[in-house]
Amino acid sequence: MSKPAKAAMADAPLLARDLDAAQAQRLIDAAGDIAVVLDGDGVVVDVRAQDTDLQKSARRDWRGKPWADCVTVDSREKVADLLAQALGDRPGAPRQVNHPGKSGPDLPVLYSVVRVAGGGRSRAGIRLVALGRDLRDTVVLQRRLVEAQQTMER
């Protein structure tokens, strides 16, 4: 190995040096309920979800589309902010993003986006991963709490 390659490897974070592609995929799968792989323009490359119905639907309906087109209108600005932060390598706070429900309520997801590949001025070769937590259970609990408070007030 050349001296520059050894130096670059020595500067790489320990975890990055130790993970192969399969291990990285397992880490991504374990990190959230849904992982959306995006290119540098914010277009969905792939989707992996713990929920099999969501997995099938998202893979079929989201692939090849801008991520912003896969969310509700009120979430598009949040998606733009998440992408800008990740492309600028700036840490950002997770944001709740809603995906339109096919035959029911919207799907709320708490996303964080990280750049995992690519760099420089060109967006070619950039890969981002949006890691999300399904908030449906939390929303149900919040709704029950509000209903209970309203009942007590009456």
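Before reading further, recall that the structure is shown in the block above.
To start, this report covers the structure provided alongside it.

Calculation notes
- Residues numbered from 1 in each chain as written.
- Predicted model: local features only at pLDDT ≥ 70, side-chain atom pairs only at ≥ 80, totals over all residues.
- Heavy atoms only, no water.
- Core = buried A, V, L, I, M, F, W, Y, C linked by side-chain atoms within 4.5 Å.
- Buried < 20%, exposed > 50% of the residue type's maximum accessible area, 1.4 Å probe, protein only.
- Helix = DSSP H or I, 4+ residues; strand = E, 2+ residues; numbered from the N terminus.
- Contact = heavy atoms within 4.5 Å.
- Pairing = 2+ DSSP bridges.
- Axes fitted to C-alpha atoms, helices over the stretch in contact; angles between N-to-C directions.
- Salt bridge = Lys/Arg side-chain N within 4 Å of Asp/Glu carboxyl O.
- Phe/Tyr/Trp six-rings, centres within 6.5 Å; stacked < 30°, edge-to-face > 60°.
- 1 Å grid on protein atoms, 1.4 Å probe; cavity = no way out; pocket = protein on both sides within 12 Å on 5 of 7 lines; lining within 4 Å.
- Points joined across faces, edges and corners; volume = space filled by probe spheres on them.
- Nonpolar A, V, L, I, M, F, W, Y, C, P; charged D, E, K, R; others polar.

One recurring pattern in soluble globular proteins is that nonpolar side chains are buried together. Membership of the largest hydrophobic core comes to 25 residues, with the highest contact counts inside it found for I34, V36, W62, W67 and Y111. Element by element, the count of residues in this core is highest for helix α5 (residues 76-87), at 5 residues. Contact partners of I34, with chain neighbours within four places excluded, come to V47, R48, A49, L54, W62, V109, Y111, A130, L131 and G132.

A few words on the sheet that holds strand β5 (residues 127-134). Spatial strand order, β2-β1-β5-β4-β3: 5 strands in an open sheet with antiparallel pairing. A single partner strand is all that each edge strand has here, and the edge strands are β2 (44-49) and β3 (95-99). Across the sheet, the axes of successive neighbouring strands diverge by a mean angle of 30°, strand direction being ignored. Note that strand β1 (residues 34-39) and β2 share 5 bridges and pair antiparallel. Looking at the pairing, A35 lines up with R48 of β2.

Looking now at the pattern of salt bridges. When charged atoms on two side chains of opposite charge get close, those side chains can pair. Here the structure, examined in full by the defined rule, presents 4 salt bridges. Residue D46 is joined to R63 by a salt bridge in which the shortest nitrogen-to-oxygen separation is 2.7 Å. Within this pair, whereas D46 is found in strand β2, its partner R63 is found in the loop between α4 (52-62) and α5, the two being separated by 17 residues in sequence. Taking the relative accessible area as the measure of exposure, R63 reaches 41% and is therefore partly exposed.

Examined bridge by bridge, β1 and β5 share 6 bridges and lie antiparallel to one another. If you follow D39 over to β5, its bridge partner there is R127. Here strand β4 (residues 107-117) pairs with β5 via 8 bridges, running antiparallel. By the bridge assignment, V109 is partnered in β5 with D134.

Moving on: the packing of aromatic side chains. Counting across every chain of the model gives 1 aromatic pair. Taking the centre distance of 4.9 Å and the plane angle of 90° together, the rings of W67 and Y111 count as edge-to-face. One end of the pair, W67, is in the loop between α4 and α5; the other, Y111, is in strand β4, with 44 residues separating them in the sequence. The exposure class of W67 is buried, given its relative accessible area of 0%. Judged by relative accessible area, Y111 falls into the buried class, the value being 0%.

Right, let's talk about the layout of surface pockets for a bit. Within this model, the largest pocket holds a volume of roughly 480 Å³. Sort the elements by how many residues they give to the lining of the largest pocket and α4 lands first, with 6 residues. Residues belonging to the lining of the largest pocket are distributed by class as follows: 8 nonpolar, 5 polar and 8 charged.

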